[in-house]
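Geometric and topological summary
Listed below, chain by chain, are the residues.
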Amino acid sequence: MEIVGQLQKQFVDFSTSLNHEGFLDEQYLQLQKLQDESNPDFVCEVVSLFFDDSEKLLNNLATALQQQVVDFKQVDAHVHQFKGSSSSIGAQRVKNMCVAFRNFCEEKNLDGCLRCLQQLKHEYFLVKNKLETLFRLERQIVEAGGTVPVIG
Amino acid sequence: MAKNGFFSRLRRVDDLSHEVHVLAVDDSLVDRKVIERLLKITSCKVTAVDSGRRALQFLGLDETEKNSVALDGLKVDLIITDYCMPGMTGYELLKKIKGSSTFREIPVVIMSSENVLTRIDRCLEEGAEDFIVKPVKLSDVKRLKRCMFGEGLGLNKRKLEEHCGVAIPSPTPSLDDDNVSSNRSPPSPCSPRSFSSLPSSPTSSTPLDSPTRRFEASSES
């Protein structure tokens, strides 16, 4: 089927680019290994949990950095959590941004932290967008009667 | 590095149909979901809790409960816990478990995103069986299960072969072990993953690294 072939190629090209551009690393492939016929939506489910968790954390971070007296330990705790969850799903650029963010927390550098928060939000929404596109492509392939290619 | 409990642990899993029951502790919902799936896919039964306190409650060790009774006799074969958790850390949980006469024989594995040698040493000294650096991979869990519960003991052999991609028995790491980092030497089958990048050190060689010796020794019992 022509359309399935096209969609599959799109999927492979897109997945490959996400890896090359550092949006998703090897851990994302690890998650895909855990998906099978008995758990066909595993990756999507984990990623959804990541989205919910992340948006909460971003709000918490914004609040924590708006306080009269900023508690950098608390800020760091939130970033640590974000670093953990992004690492667990393979969101490499988000994770790297968290590493930089933690350095500013350690230095108690408020400006640095505020800048990092903006960059973190940017990276997060970028990867969220990419992942949603990936899942959409998968759905389209399946709806067109094809199977999703296995990467890596 | 392995404590006395090692051989008695193997003896306990003498029923070939026994499913290994793992208590997983992690405050992160994302990580809990992943570790639960990793364990289930390696044929383990899993109970996942979000704190050290809840883990102790599950075991029946919680001091705040007046009449602590272990829930329903569900025997736990392994505890795998995150290190950094609010309230009770994984290290504190480890100490509580090793300090209990009832539960100190249960192997405890620590997971952490920070590969800090002093932290690893501290945990191993306190009796942790192993230390896994996050993010946890399928190969980590397979290795753990293989080392702790032996080849073919308490496992569905065919399922293990499918997942590991090797025929059983085999003391070498499975083909599925995909530590892609090129500057890391292949880990010896049962040494903690975080040690694999260090030159081989005496502390990392344990009775665990020889499955044949393990079987020979266990036949004495």
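Rules of the game
- Residues numbered from 1 in each chain as written.
- Chains lettered and ligands numbered in written order.
- Predicted model: local features only at pLDDT ≥ 70, side-chain atom pairs only at ≥ 80, totals over all residues.
- Heavy atoms only, no water.
- Helix = DSSP H or I, 4+ residues; strand = E, 2+ residues; numbered from the N terminus.
- Contact = heavy atoms within 4.5 Å.
- Areas by Shrake-Rupley, 256 points an atom, 1.4 Å probe, with all protein chains shown as cover.
- Buried < 20%, exposed > 50% of the residue type's maximum accessible area, 1.4 Å probe, protein only.
- UniProt positions renumbered as here; feature names shortened; annotations may be inferred.
- Core = buried A, V, L, I, M, F, W, Y, C linked by side-chain atoms within 4.5 Å.
- pLDDT = per-residue confidence, 0-100.
- Phe/Tyr/Trp six-rings, centres within 6.5 Å; stacked < 30°, edge-to-face > 60°.
- Lys NZ or Arg CZ within 6 Å of the ring centre and 35° of its normal.
- Buried area = accessible area lost by both parts, 1.4 Å probe.
- Salt bridge = Lys/Arg side-chain N within 4 Å of Asp/Glu carboxyl O.

**Observations regarding the overall build of chain B**
What chain B contains, in helices and strands, is eight helices and five strands. For chain B, the sequential pattern of α-helices and β-strands runs α-β-α-β-α-β-α-β-α-β-α-α-α. Residue pairs at least 24 apart in sequence account for 65% of intrachain contacts in chain B once pairs closer than 6 positions are excluded. Looking at chain B as shown, the accessible area adds up to about 10,400 Å², and 50% of this sits on carbon and sulfur atoms.

**Remarks on unusual backbone geometry**
Cis geometry is found at the peptide bond from K134 of chain B to P135 of chain B, where omega equals 5 degrees. Mapped onto the elements, P135 of chain B comes out in the loop between strand 5 (130–133) and helix 6 (138–149). The phi dihedral of K108 of chain A is positive, around 55 degrees, even though this residue is not glycine. For K108 of chain A, the position within the fold is in the loop between helix 5 (92–106) and helix 6 (110–143). Look at S43 of chain B: it is not a glycine, yet its phi comes out positive at around 65 degrees. Of note, S43 of chain B is situated in the loop between helix 2 (29–41) and strand 2 (45–49). For S43 of chain B, a relative accessible area of 11% corresponds to the buried category.

**Comments concerning the UniProt feature "domain: HPt" (unreviewed entry) in chain A**
What UniProt calls "domain: HPt" (unreviewed entry) maps, in this numbering, to residues 39–134 of chain A. The span residues 39–134 of chain A shows a helical share of 86% and a strand share of 0%, and its end C-alpha atoms are spaced 18 Å apart.

**Describing the nonpolar core**
Grouped together as the largest cluster of nonpolar side chains are 65 residues, with contacts concentrated most on F101 and L131 of chain A together with I80 of chain B. Aside from chain neighbours lying at most four places away, what touches I80 of chain B is V22, L23, A24, V25, I35, L39, V109, M111, I132 and L144 of chain B. Among the nonpolar cores identified, the runner-up in size contains 26 residues, and L23, V25, L124 and F131 of chain B belong to it.

**Concerning the confidence of the model for chain B**
Residues and elements named next belong to chain B. Residue-level pLDDT values for chain B average 72, and 55% of them are 70 or greater. Every residue in residues 1–5 scores below 50 in pLDDT, and together they form eight contacts with partners more than four places removed in sequence or on other chains. In this model residues 7–14 is a low-confidence stretch, pLDDT under 50, and it forms 21 contacts with partners more than four residues away in sequence or in other chains. Two numbers describe this predicted complex: its pTM, 0.77, and its ipTM, 0.94.

**Considerations on the packing of aromatic side chains**
Taken as a whole and assessed by the stated rule, the structure comprises six aromatic pairs over all chains. Note on F51 of chain A and Y124 of chain A: the rings are 6.2 Å apart at their centroids and 80 degrees apart in plane angle, and the pair reads as edge-to-face. Here F51 of chain A, found in helix 3 (residues 42–66), pairs with Y124 of chain A, found in helix 6; they are 73 residues apart in sequence, far enough to count as distant. A residue is classified by how much of its surface remains accessible, and F51 of chain A, at 9% relative accessible area, is buried. With 4.9 Å between their ring centres and 70 degrees between their planes, Y124 of chain A and F125 of chain A make a pair best called edge-to-face. Overall, Y124 of chain A belongs to the buried group, its relative accessible area being 0%. The class of F125 of chain A is partly exposed, set by a relative accessible area of 43%. Here the aromatic cluster, defined as three or more aromatic residues joined through ring pairs, consists of F50, F51, F82, Y124 and F125 of chain A. Lying across the ring of F23 of chain A, R93 of chain A places its NZ or CZ 4.0 Å from the centre. Directly above the aromatic system of Y91 of chain B lies the positively charged group of R122 of chain B, at a separation of 4.1 Å from the ring centroid.

**Some thoughts on the interface of chain B and chain A**
Contacts between the two partners involve 18 residues from chain B and, on the opposite side, 22 residues from chain A. Across the chain B/chain A interface, buried area totals approximately 1,800 Å², and carbon plus sulfur atoms make up 58% of it. When residues of chain B are sorted by the area they lose upon contact with chain A, V30, K33 and R37 of chain B head the list and together hold 35% of the total. For the pair chain B and chain A, the number of links is five salt bridges.

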